[in-house]
Amino acid sequence: AKTDVRSATQADGVVAFASTANQHPLNESQVAAVRECALRQIAIIWGPPGTGKTDTLVAYLHALVREGKPLKILIAGPNYRTVEELS
C-alpha cells in the first residue's frame, strides 16, 4: 500500500480529470481519496452509506481509463448493486 505508482505531478493530472468527470464535482474528501488512489498501488475506499464512495470510484476509474495504460482492476463490494454500478 505504500508503494507509489505515480509521481505527485502525474497524480495531480488524474485528480484534475476525476474532479469534474461526474455530473457533480467531487468534494474535498473525495478529491483526497482520488489522490491517494492515484499515488498508491492499493487503496481502500470506506465510509458509511451515502458518502459518495461509488461516485468517487467512478470518477477515478474514468481518469485511469483516460490515461490509456493497460489496467488490471479488482472491484469488490458488499452487494452486487454497488459492483454493477462501478462496472
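All of these numbers come straight from a predicted model, not from anything done at the bench.

**Let's talk about the side chain of Ser 19**
Examined against the element boundaries, Ser 19 turns out to sit in helix α1 (residues 8-19). Polar contacts involving the side chain of Ser 19 include one to the main-chain carbonyl oxygen of Val 15, which spans 2.7 Å. In this structure, Ser 19 is in contact with Pro 25, Leu 26 and Val 31, ignoring residues within four places of it in sequence.

**Regarding the packing of α1 against helix α2 (residues 28-39)**
Where α1 contacts α2, the two axes come as close as 9 Å, and the packing angle between them is 140 degrees. With respect to their mutual orientation, α1 and α2 come out oblique. As for the relative orientation of α1 and α2, their crossing is right-handed in sense. Across the interface between the two elements, Ala 8, Ala 11, Asp 12, Val 14, Val 15, Ala 18 and Ser 19 from α1 touch Val 31, Val 34, Arg 35, Ala 38 and Leu 39 from α2. The residue makeup of the contact of α1 with α2, split by class, is nine nonpolar, one polar and two charged.

**Re a nonpolar patch on the surface**
A cluster of nonpolar side chains, namely Val 65, Leu 71 and Ile 73, defines an oily patch on the protein surface of about 270 Å² accessible area. For Leu 71, the position within the fold is in the loop between α3 (53-67) and α4 (80-86).

**Comments concerning the pattern of salt bridges**
Tallied over the full model, the rule gives five salt bridges. Asp 12 serves as the salt-bridge partner of Arg 35, at 2.5 Å between the closest nitrogen and oxygen. Note that Arg 35 is positioned in helix α2 and Asp 12 in helix α1, a separation of 23 residues in sequence. When salt bridges with common partners are traced through the structure, they connect Asp 4, Glu 36 and Arg 40 into a single cluster.

**Regarding α2**
Spanning twelve residues, α2 covers 17 Å between terminal C-alpha atoms, matching the ideal 16 Å at 1.5 Å per step. Where α2 is concerned, the buried positions are Gln 30, Val 31, Ala 33, Val 34, Cys 37, Ala 38 and Leu 39. At the N-terminal boundary of α2, the capping side chain belongs to Asn 27, with an oxygen 3.0 Å from the backbone nitrogen of Ser 29.

Definitions and cut-offs
- Residues numbered from 1 in each chain as written.
- Predicted model: local features only at pLDDT ≥ 70, side-chain atom pairs only at ≥ 80, totals over all residues.
- Heavy atoms only, no water.
- Helix = DSSP H or I, 4+ residues; strand = E, 2+ residues; numbered from the N terminus.
- Polar contact = N/O pair within 3.5 Å; in protein donor to acceptor, adjacent residues only side chain to side chain.
- Contact = heavy atoms within 4.5 Å.
- Axes fitted to C-alpha atoms, helices over the stretch in contact; angles between N-to-C directions.
- Parallel < 35°, antiparallel > 145°, perpendicular 65-115°, else oblique.
- Left-handed = near helix turned anticlockwise from the far one by under 90°.
- Nonpolar A, V, L, I, M, F, W, Y, C, P; charged D, E, K, R; others polar.
- Patch = residues over 30% accessible without salt bridge, like charges linked within 9 Å, V, L, I, M, F, W, Y side chains within 5 Å.
- Areas by Shrake-Rupley, 256 points an atom, 1.4 Å probe, with all protein chains shown as cover.
- Salt bridge = Lys/Arg side-chain N within 4 Å of Asp/Glu carboxyl O.
- Expected span 1.5 Å × (residues − 1).
- Buried < 20%, exposed > 50% of the residue type's maximum accessible area, 1.4 Å probe, protein only.

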